[in-house]
Amino acid sequence: MKRIYYFLVFAVILSAGVYFLHGAEAPVCESPDGLTMVSFERLDGGRMVYSVERDGKTIIKSSKLGLETREENLSEGFEIDDIDYASVEEKWTQPWGENKEMTDHHNEFAVNLSNSEGTHLTIRFRAFNDGVAFRYEVKSEKEQLTLTGEKTEFNFAGEGTSWSIPANFETYELDYRKLPLSEVADGNTPFTFRMDNGTFGSIHEAALYDYPEMTLRRNDDGVMQADLAPMPDGTKGIVKGEFKTPWRTIQIGDAAVDLINSSMILNLNEPSKIADTSWIKPQKYVGVWWGMHIGVQTWVMGRQHGATTENALRHIDFAVENNIQGVLFEGWNCGWENWGGSQSFDYMKPYADFDVERIVAYAREKGVELWMHNETGGNIPEYEAVMDKAMAQYAAWGVHALKTGYAGGFKDGYRHHSQYGVQHYQRVVECAAKHQLMIDAHEPIKDTGIRRTWPNMMTREGARGMEWNAWSEGNTADYLCTLPFVRLLGGPMDYTPGIFDLDYNRAKADKNRIQWNGDNSKCCIKTTLARQIANWVIIYSPLQMAADLIENYEEHPAFEFFRQFDADCDWSEALAGEIGEYIVVARRAGDRFFVGAGTNSEAREVDVKLDFLKQGERYEAVIYGDDVKSDDRNDYIIERRVVTADDTLHIAMAEAGGCAVTLIPKAE
Ligand code: NOJ
Ligand code: CA
């Protein structure tokens, strides 16, 4: 017995994977699989640096650490007091997510430092099999500190290729750039890269609270450095004397899809603060939305008003008939006549042609979840003054889902992604949790995995979504093949997929069509129809919309896919893909599986092994694919066949095409 005990103690120390490289000044921490390593070093003069290796190859070479405040320098002048280390292997579950069963397996060391002012600084490092992370934990005597910058660097050890959007403190709705690492001047995160030695990585952050967002900017030494979103006075915000920064994360993998299959960002967030999550329900939804973007309806009340009682009841009926749980009606509340101007909405008062009591009663009778919509136009003070009261009203109506929007500049020079914005978005999440409302935020702050702690923070936009196809040059298939490897690493996205009328023929036939953004006669969806279906699987969102006008789905044979689809996923895996080229994803919800595949502007064939299916079970596969013999992207095929876990599916995709598959156990 005693021997077993000693062996166990020895095994725990070994598995801790934490050791010192050059004495106590340079601790090193390995991932549980021993492949990834992060090390810290305190250099002469008191500067602090870290570096990262994967499989013996340096990825991030000696990079500076530290924070800058007006009151004191938190990047130099510290002595090491001691170092704590820990090793964690823990299983946890979440009420919803790509995967409900999670494992947090990492090794950690925390360097505890102090300076002559009596300020304590802990830099906590973690090494996971899927990446490394670190954050700063400050304890100073001062009541508050004025943050002026962050020293954190990401000094790439060699050349590589990167995929990112430019750094911008107001919007993430920007197109991707593929650039050599050495040529990037600035970028937002997730900032994804492939080193020339073949290793993939992505820099991002986890658990962003009460702190500005981090972007990356090349500094005077030619190194990418954290650049925090500023406040109007140029500082980065006010933090308490005792505070923790978000985690700085570097996901690492040997294949591009490893980044998607990583759960490090969620593992770095705290467990749920919502005890009863029974009201939080992933769901599919339809709504009055696309009509406004393509110019055949209006948010504002008038001849073309979308959110009318009649339209609402029609959508509720459609939802019931098509196994769809939720309905959203944008333009239901007064104030849209001010949008883009003085930005003043009434969050309580419906337009006269939207009989909210009747709609609430009808939705309840039919068992459909009614969503509410709050476009703020960026008027934060006005929204914060009424949101508690408005949300209480929505709760009284039996509403459990709220889409928010921030299309417009914040008042008084505040930036969307500054500490001011981060605080606001969080206040909304917490207020919504109090009223049992799930949030779908548009023009949001970036996703850093806070859904683990606040599981009512379901989904968000935070990239160029479907709407861009309605009134701009639109999103290419290359963009759609980049999205999963960049933006989606942060978390779910409300892309609002699934437009079936690819050329908006119904809208073009409407002589009253409105032009929101100049000439929209050339706007269209730049993918095949099958790819629109595949996006319901590829672009994970626990609230998943069928975004087209519902009349475009009526009688459409391919809409059967969405009817069968289940947004409440249990397991997911990105099976294959290359950044900007193609992607294949499989998900399971209950005993059903769904596969989504998509390619860029090149036609492509992929073989998908079905070995993720339950062994011994027979499944009916319904394949919604491109008609590769046709040049018309509207043409698709639907094929049925019986398959098992031993089979391989051969998928042929047209240019900008895709394929979606439902796999449902076959009753004997
Ligand atoms: C932009 C959002 O992304 C979109 O979904 C919404 O319809 C409009 N703003 C109006 O709120
Ligand atoms: Ca938007």
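Shown above is the structure to which this text applies.
Residues numbered from 1 in each chain as written. Chains lettered and ligands numbered in written order. Predicted model: local features only at pLDDT ≥ 70, side-chain atom pairs only at ≥ 80, totals over all residues. Heavy atoms only, no water.

**Considerations on the overall build of the protein**
And then number 1: Broken down by element type, the protein carries 13 helices and 36 strands.
And then number 2: The globule rule puts the C-alpha radius of gyration for 668 residues at 26 Å, and the 25 Å found for the protein is close to it.
And then number 3: Overall, the C-alpha framework of the protein stretches about 75 × 60 × 55 Å when taken along its three principal axes.
And then number 4: For the protein, with 668 residues in total, the buried portion stands at 61%.
And then number 5: Within the structure as shown, the protein displays about 25,100 Å² of accessible surface, and the carbon and sulfur contribution to it stands at 47%.
And then number 6: Once the 67 positive and 104 negative side-chain charges of the protein are each reduced to a mean point, those two points are 1 Å apart. (Helix = DSSP H or I, 4+ residues; strand = E, 2+ residues; numbered from the N terminus. Rg over C-alpha atoms; globule rule 2.2 N^0.38 Å. Buried < 20%, exposed > 50% of the residue type's maximum accessible area, 1.4 Å probe, protein only. Areas by Shrake-Rupley, 256 points an atom, 1.4 Å probe, with all protein chains shown as cover. Lys, Arg positive; Asp, Glu negative; His and termini not counted. Charge placed at Lys NZ, Arg CZ, Asp CG, Glu CD.)

**Observations concerning the environment of Ile-294**
And then number 1: By the element assignment, Ile-294 lies in the loop between α4 (290–293) and α5 (309–321).
And then number 2: By relative accessible area, which is 2% here, Ile-294 ends up buried.
And then number 3: Discounting chain neighbours no more than four positions away, the residues touching Ile-294 are Ala-470, Tyr-504, Ala-507, Arg-513, Ile-514, Asn-520 and Leu-549. (Contact = heavy atoms within 4.5 Å.)

**A look at the pattern of salt bridges**
And then number 1: Tallied over the entire structure, the rule returns 31 salt bridges.
And then number 2: Among the ionic pairs, Lys-100 bridges to Asp-570, the shortest N-O distance being 3.1 Å. Note that Lys-100 is positioned in the loop between β8 (79–93) and β9 (101–114) and Asp-570 in the loop between α13 (560–564) and β29 (571–578), a separation of 470 residues in sequence.
And then number 3: For Lys-100, a relative accessible area of 16% translates into the label buried.
And then number 4: Three or more residues joined by partner-sharing salt bridges are found here, namely Glu-108, Arg-124, Arg-126, Arg-135 and Glu-137. (Salt bridge = Lys/Arg side-chain N within 4 Å of Asp/Glu carboxyl O.)

**Examining the environment of Ile-60**
And then number 1: Structurally, Ile-60 is set in strand β5 (residues 57–64).
And then number 2: Residues Ile-60 and Trp-336 lie 276 residues apart in sequence; the distance between their C-alpha atoms is 49 Å.
And then number 3: Not counting chain neighbours up to four residues away, the residues in contact with Ile-60 comprise Tyr-50, Ser-51, Val-52, Phe-154, Asn-155, Phe-156, Ala-157 and Ile-250.

**Observations concerning the sheet that holds strand β22 (residues 283–288)**
And then number 1: Read from one edge to the other, the open sheet built from seven strands follows the order β27-β26-β25-β24-β23-β22-β28, with strand pairing classed as parallel. Among the strands making up the open sheet, the edge pair consists of β27 (457–460) and β28 (543–545). When strand polarity is set aside, the average angle formed by the axes of neighbouring strands in this sheet is 30°.
And then number 2: By the bridge criterion, three bridges tie β22 to β28 in an arrangement that is parallel. Bridge assignment links Gln-283 to a residue of β28, and that residue is Leu-543. (Pairing = 2+ DSSP bridges. Axes fitted to C-alpha atoms, helices over the stretch in contact; angles between N-to-C directions.)

**Here's the deal with the site of ligand 1**
And then number 1: Around ligand 1 sit 13 residues, and of these Glu-330, Glu-375, Lys-403, His-442 and Glu-467 come closest.
And then number 2: Lys-403 places a side-chain nitrogen or oxygen 2.7 Å from an oxygen atom of ligand 1.
And then number 3: Burial of ligand 1 by the protein amounts to 97% of the accessible area it has alone, namely 290 Å².
And then number 4: Across the shell around ligand 1, the residue classes tally to four nonpolar, three polar and six charged. (Near = heavy atom within 4 Å. Polar contact = N/O pair within 3.5 Å; in protein donor to acceptor, adjacent residues only side chain to side chain. Nonpolar A, V, L, I, M, F, W, Y, C, P; charged D, E, K, R; others polar.)

**Digging into the coordination of the calcium ion (ligand 2)**
And then number 1: Taken together, the protein donors to the calcium ion (ligand 2) comprise Glu-173 (OE), Glu-173 (OE), Glu-443 (OE), Glu-461 (OE), Glu-461 (OE) and Glu-467 (OE), at separations of 2.3 to 3.2 Å.
And then number 2: Donor residues for the calcium ion (ligand 2) sit on one chain with the sequence pattern E-x269-E-x17-E-x5-E. Linking Glu-443 in the loop between β26 (438–441) and β27 with Glu-467 in helix α9 (residues 467–471), this pair joins segments that are 24 residues apart in sequence. The pair formed by Glu-443 and Glu-467 is uniform in burial state, with each residue classed as buried. (Donors = N, O, S within 2.8 Å, 3.2 Å for Na, K, Ca; no water.)

**Notes on the pairing of strand β25 (residues 401–405)**
And then number 1: Here β25 lies mainly inside the structure; five of its five residues are buried.
And then number 2: Of the two faces of β25, the one carrying Ala-401, Lys-403 and Gly-405 and the one carrying Leu-402 and Thr-404 are both buried.
And then number 3: Relative to β25, strand β24 (residues 369–375) is paired through five bridges, and the arrangement is parallel. By the bridge assignment for β25, Met-372 is matched with Leu-402.
And then number 4: Bridge count between β25 and β26: four bridges; the pairing is parallel.

**Comments concerning the packing of helix α7 (residues 380–396) against helix α8 (residues 419–434)**
Packed helices, taken two at a time, are described by the angle their axes make and the gap between the axes.
And then number 1: Put simply, α7 and α8 touch, their axes get as near as 10 Å, and they point 10° apart. One way to sum up the angle between α7 and α8 is to call them roughly parallel. Of the residues in α8, those touching α7 at Ile-380, Pro-381, Tyr-383, Glu-384, Met-387, Asp-388 and Met-391 are Tyr-420, His-424, Arg-427, Val-428, Cys-431, Ala-432 and Lys-434.
And then number 2: Grouping the constituent residues of the contact of α7 with α8 by class yields nine nonpolar, one polar and four charged. (Parallel < 35°, antiparallel > 145°, perpendicular 65-115°, else oblique.)

**Some remarks on helix α12 (residues 529–538)**
And then number 1: Counting buried positions over the ten residues of α12 gives ten, a clear majority of the element.
And then number 2: Listed as buried for α12 are Leu-529, Ala-530, Arg-531, Gln-532, Ile-533, Ala-534, Asn-535, Trp-536, Val-537 and Ile-538.

**Considering the nonpolar core**
And then number 1: Residues Tyr-50, Phe-125, Ile-250, Phe-329 and Tyr-394 are the most contacted members of the largest nonpolar core, which totals 174 residues.
And then number 2: Looking at which element gives the most residues to this core, the answer is α8, with eight residues.
And then number 3: Within the second largest apolar cluster, 22 residues are counted, among which are Val-606, Phe-612, Leu-613 and Cys-659. (Core = buried A, V, L, I, M, F, W, Y, C linked by side-chain atoms within 4.5 Å.)

**Describing the sheet that holds strand β34 (residues 636–643)**
And then number 1: Spatial ordering of the open sheet is given by β29-β30-β31-β36-β33-β34, a layout of six strands whose pairing is antiparallel. Because the sheet does not close on itself, it has two edges, and the strands there are β29 and β34. Between one strand axis and the next, the sheet turns through 15° on average, direction left out of account.
And then number 2: In this sheet, strand β36 (residues 658–665) lies alongside strand β33 (residues 619–626) in antiparallel orientation, the contact comprising seven bridges. By the bridge assignment, Ile-623 is partnered in β36 with Val-661.
And then number 3: This element, α12, spans β30 (582–589), β31 (592–599), β33, β34 and β36 of the sheet and lies at about 125° to β31.

**Examining the side chain of Ser-75**
And then number 1: Structurally, the position occupied by Ser-75 is in the loop between β7 (73–74) and β8.
And then number 2: A distance of 2.6 Å separates the side chain of Ser-75 from the side chain of Asn-73, its partner in a polar contact.
And then number 3: Those residues in contact with Ser-75, other than ones at most four positions away along the chain, are Gly-46, Arg-47, Met-48, Leu-65, Gly-66, Leu-67 and Lys-151.

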